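# Structural characterization, general
Chain by chain, the residues:
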Amino acid sequence: MHKKPLSKQIYDARWCYLFVLPCSILTGMFVIYPIGMSWYFSLLDWSGFTKEAKFIGLQNYYEAVNDEFFWDAFIRSFIFMFGTVPVKIVLGFIIAVFLNNQVLKLAPFFRTVIFMPVVTAIAIIGIVMTFVFSPFNGPANKFLMSTNLTSAPIDFLGNPDTVLPTVMGVYVWKWLGITMMYWLAALQTVPQDVYDAAKIDGAEGYRLWIHIILPIVLPFAIVIILVEAVGALNVFPLIETMTAGGPFFSSEVMEIYIFRTAFVTDSGTMPRLGYACAAGVFWGVAVLFITVLQGLWMRRTRRI
Amino acid sequence: MKKKKELKISRRTVMKGALAAGAMMSAGSIPSKLFAGEFNIPDPLKPLPTTGGNMRWIDSGDMKGVFWKKLFPEYAASRGITIEYDGLPWKEINKIVPIAIRNGTVHDVFQLPIGMDPGVAVSEGWVQPWDDYIENIDEWLGAFPSGVYLPGVNQFNGKTYGTCLTANKRTGTCLLYSEKYMSEAGYDPQAGRMTYSEIRDAAKKITKNGNGQYYGWIIGGNQVNRWEDVVHTFGQVGGAHSGRGGFTNRHINFQNGKFQIASDQYMEAVELLLQLKSDGSAFPGVMSMNAPQARALMPQGAAGMIFQGPWCIGVWGRDAPDWKYGIASEPVPDGKEAQPLYIAEGGSNTFWLSANSTMGPFAGDLIRFMGTEQGQIYWAQTVGAADPAVNPDAVAKAGLTGPSAQALAMFAENILVGPNPIVRNKDVGIVAAKSRVPDPSLALVIQGLYTGQLKGVEAQLKDCNQRYEDALDKAVEEARADGANVTRDDWVFPNWDVYSNYGAEKYQEL
């Protein structure tokens, strides 16, 4: 059969293209254009708001990869991810299993309670948590001292050893509800007759979960891990409001590093938007790489 | 193990404080000019547009904000406009103003981010001169003390782009202390400048007396500039003569043009901070609070001493009028005579008029009024020593008493005008625009030493000093490559007598 020319195919599908157009324009304006411009800016020595912008090729990238603070922030971002995602996944799964039980009458109440931090503004949570963890009359320290767990207040957010775990803990608490919802959605795809059949075959308790339920929800797990991993690499508002990356860079993740170099600092010198863009592009590529790896892993798992 | 007692602030205490504040206000203990409806705003010198409009104004707030919030409604009503005021911490100004400039939505009147060269703002066309909007501007400028308005600082191409209503003769690291705690520790800072050993001993004794309820010393440690401010000023008092201001002035000894971050005086100051920590005299949690949070804890009785600026006076007067505190000069290293502190010529709190603003006639009219003696008296009566009015006659007539008057007297005694490289050579401004504070900055190095993440004061300060030298060399090199006529010699002032003001005649001698 004679194939229609491309122009004819487009004309025939003109309504489809017309309906896609608004979305394409918006995507172009707010996704493609900023990405493209950040690639371009990363090649400039530019403060971001003066007319003077000098093309310097890959010099910003060279400087970034030779900056120990860049790599410290880079690694810290992954520490944050590996420290929070498994905890959220496991905890979220356990909670979802319990709350998926129809016998539990208070399940909707607990679901709401666990989900509540998710809908609370993150900046508010960040600020409130600085008071919660304050070593001076903060409720966390009051509890620890009143129960004799510690003899002196702990400066959770001011001690380089405790600051990152503390922020990670707050992050897990804040977003645990959404992980639980993902798991609940996954568990509700398991047909009731699977449970019934398993019971008839004598599979109960952990055997039911390990050998029957888990294989069914595993593809969901991959997606949940992917979403959670990318989410854990985007924690700017929480860290900015709780610690701003301090003390002495102890909680500085990549987004804080990029933000710090993109704007005028407390030190009072000109910002470096070009350099910040280079760091951002580098970081974006790294996250993309991880996402692709996870995508490949997901595809392989599905084949299994 | 003995359980530590905790300071408890009951609701009753808070209510008592609020009632006391109300009673004092009703009794007229706070200057009456604090209240709206009492400003005598003169008519404009020439008719203003009758179209009205909304004027947006942003600055670093604190006591300025207190004053503006009283004056602006009255002024706006008298001129038939509205005024939208945003008083924000410098950290926020540093973020918001550049973005607003970038997207063309900057306020009509604004302050430039810290460290930004005004010459860049002018050459980039972000600001417009005030000359067209301040009637008889030459006469108006003539009423200011010499050295406030200077080419290259706030005047460019023969026009005035930046207006200053306040003097920069102040420090941000005075010793502010609880009279009760200090007295119980057996010290009276009013008897004479305290030494480092005395500060340390007083902090220890206050902490011991506090028995877990309060501590000797507090600082807003997550606001990193506080560390640098303390070490810089204490270093100066110890004899490390240097300039104040942005990267191209601060920490530089203008006798030889070199950074002196690794000087003995800086090291001693850092050691004092570390000793306060190792003695157990520091308030727990200083690393997770900023300067305003630390300041707010003082009247609550949480600590005996804080090194901060005179802006605390107004805030404490408003929030804790019953609390007894004292203000004294920065401490001096043991066995040394206190040395002068230095400021650069010029004023402070410079206001710039956005190039896109259509509210210039109103902004100019308001600024003109605030530059008059009456405007300056109003300012001094409300703001006091926090941001001293630039007109000394107005300050004298404002009738300030108590800590504000004491602070101003202290600043007059301790602070001299030092050299300013940009007054000597305006191309230094290009270097300022090119300069970048190296990572980690001095502020962060001190923070890192305090938290124990960095080790060895001397080694760290030496490294930091070298980074600063290299950064300035690089900025000079880049400026020269762009055609600036500048060398590191522009930072050397061989005729600087560190015990006298460096005025116009000294620049002419160079």
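Because the structure is predicted, anything quoted here is derived from the model rather than measured.

### Digging into the pattern of salt bridges
Residues and elements named next belong to chain B. In the structure shown here, the tally under the stated rule is 30 salt bridges over all chains. For lysine 64, the salt bridge goes to aspartate 387, with nearest N and O atoms at 3.3 Å. On the criterion of sequence distance, the pair formed by lysine 64 in helix α2 (residues 63–79) and aspartate 387 in the loop between α13 (373–383) and α14 (392–397) is long-range, its members being 323 residues apart. Both residues of the pair, lysine 64 and aspartate 387, belong to the buried class. A salt bridge links arginine 226 to aspartate 229, with the nearest nitrogen and oxygen atoms 3.4 Å apart. Taken as a pair, arginine 226 and aspartate 229 lie in helix α8 (residues 225–238) at a separation of three residues, close to a single helical turn. Judged by relative accessible area, which is 4%, arginine 226 ranks as buried. On the accessibility criterion, aspartate 229 (14% relative accessible area) is buried. Connected through shared salt-bridge partners, Arg226, Glu228, Asp229 and Arg250 make up one network.

### Re the nonpolar core
Within the largest apolar cluster, 222 residues are counted, with the highest numbers of intra-cluster contacts made by B:Trp57, B:Trp68, B:Trp217 and B:Ile218. Take this core: its biggest share by element is 14 residues, from helix α4 (residues 68–99) of chain A. The contact partners of B:Trp57, leaving out residues within four places of it in the chain, are B:Trp68, B:Phe72, B:Glu84, B:Tyr85, B:Asp86, B:His107, B:Val109, B:Phe351, B:Leu366 and B:Ile367. In terms of nonpolar packing, the next biggest core, distinct from the first, is built from 19 residues, B:Ile93, B:Ala121, B:Trp126 and B:Trp352 among them.

### Some points on the domain arrangement of chain A
Considered domain by domain, chain A is made up of domain 1 (6–41) and domain 2 (59–303). Each of domain 1 of chain A and domain 2 of chain A has a C-alpha centre, and the two are 33 Å apart.

### Digging into the state of the cysteines
For the structure shown, the criterion picks out zero disulfides over all chains. Distance from the sulfur of A:Cys16, which forms no disulfide, to the nearest cysteine sulfur (A:Cys23) is 14 Å. In this model B:Cys174 remains outside any disulfide bridge; the closest cysteine sulfur is found in B:Cys312, 8.4 Å from its own.

### Here's the deal with the packing of α4(A) against helix α10 (residues 205–232) of chain A
Residue and element names in this part refer to chain A. Interaxial distance between α4 and α10 falls to 10 Å at its minimum, and their mutual angle equals 140°. With respect to α10, the element α4 is oriented oblique. At the point where α4 passes α10, the crossing takes the right-handed sense. On the side of α4, the interface is formed by Phe80, Met81, Thr84, Val85, Lys88, Ile89, Phe93 and Val97, while α10 contributes Trp209, Leu214, Ile224, Ile225, Glu228, Ala229 and Ala232.

### Considerations on the packing of aromatic side chains
Counting across every chain of the model gives 58 aromatic pairs over all chains. Relative to A:Phe282, the ring of A:Trp71 has its centre 5.7 Å away and its plane inclined at 85°; by these criteria the two rings are edge-to-face. Remark: A:Phe282 occurs in helix α13 (residues 273–303) and A:Trp71 occurs in helix α4; sequence separation between them is 211 residues. Overall, the relative accessible area of 27% leaves A:Phe282 in the partly exposed class. Measuring from centroid to centroid gives 5.2 Å for B:Trp323 and B:Tyr325, while their planes differ by 20°, and the two rings are stacked. B:Tyr325 matches B:Trp323 in its accessibility class, with the two residues each being buried. Here the aromatic cluster, defined as three or more aromatic residues joined through ring pairs, consists of B:Phe39, B:Trp57, B:Phe67, B:Trp68, B:Phe72, B:Tyr85, B:Phe351, B:Phe369, B:Tyr378 and B:Trp379.

### Things to note about the environment of B:Gln255
Residues and elements named next belong to chain B. Relative to the elements of secondary structure, glutamine 255 occurs in the loop between β11 (252–253) and β12 (258–259). Residue classification places glutamine 255 among the partly exposed residues on the basis of a relative accessible area of 37%. The spacing of glutamine 255 and valine 498 is 243 residues in sequence and 8.9 Å in space, taken between C-alpha atoms. Excluding residues within four positions of it along the chain, glutamine 255 makes contact with His241, Val492, Phe493, Trp496 and Val498.

What counts, and at which threshold
- Residues numbered from 1 in each chain as written.
- Chains lettered and ligands numbered in written order.
- Predicted model: local features only at pLDDT ≥ 70, side-chain atom pairs only at ≥ 80, totals over all residues.
- Heavy atoms only, no water.
- Salt bridge = Lys/Arg side-chain N within 4 Å of Asp/Glu carboxyl O.
- Helix = DSSP H or I, 4+ residues; strand = E, 2+ residues; numbered from the N terminus.
- Buried < 20%, exposed > 50% of the residue type's maximum accessible area, 1.4 Å probe, protein only.
- Core = buried A, V, L, I, M, F, W, Y, C linked by side-chain atoms within 4.5 Å.
- Contact = heavy atoms within 4.5 Å.
- Domains from an automatic or database assignment.
- Disulfide = S-S within 2.5 Å.
- Axes fitted to C-alpha atoms, helices over the stretch in contact; angles between N-to-C directions.
- Parallel < 35°, antiparallel > 145°, perpendicular 65-115°, else oblique.
- Left-handed = near helix turned anticlockwise from the far one by under 90°.
- Phe/Tyr/Trp six-rings, centres within 6.5 Å; stacked < 30°, edge-to-face > 60°.

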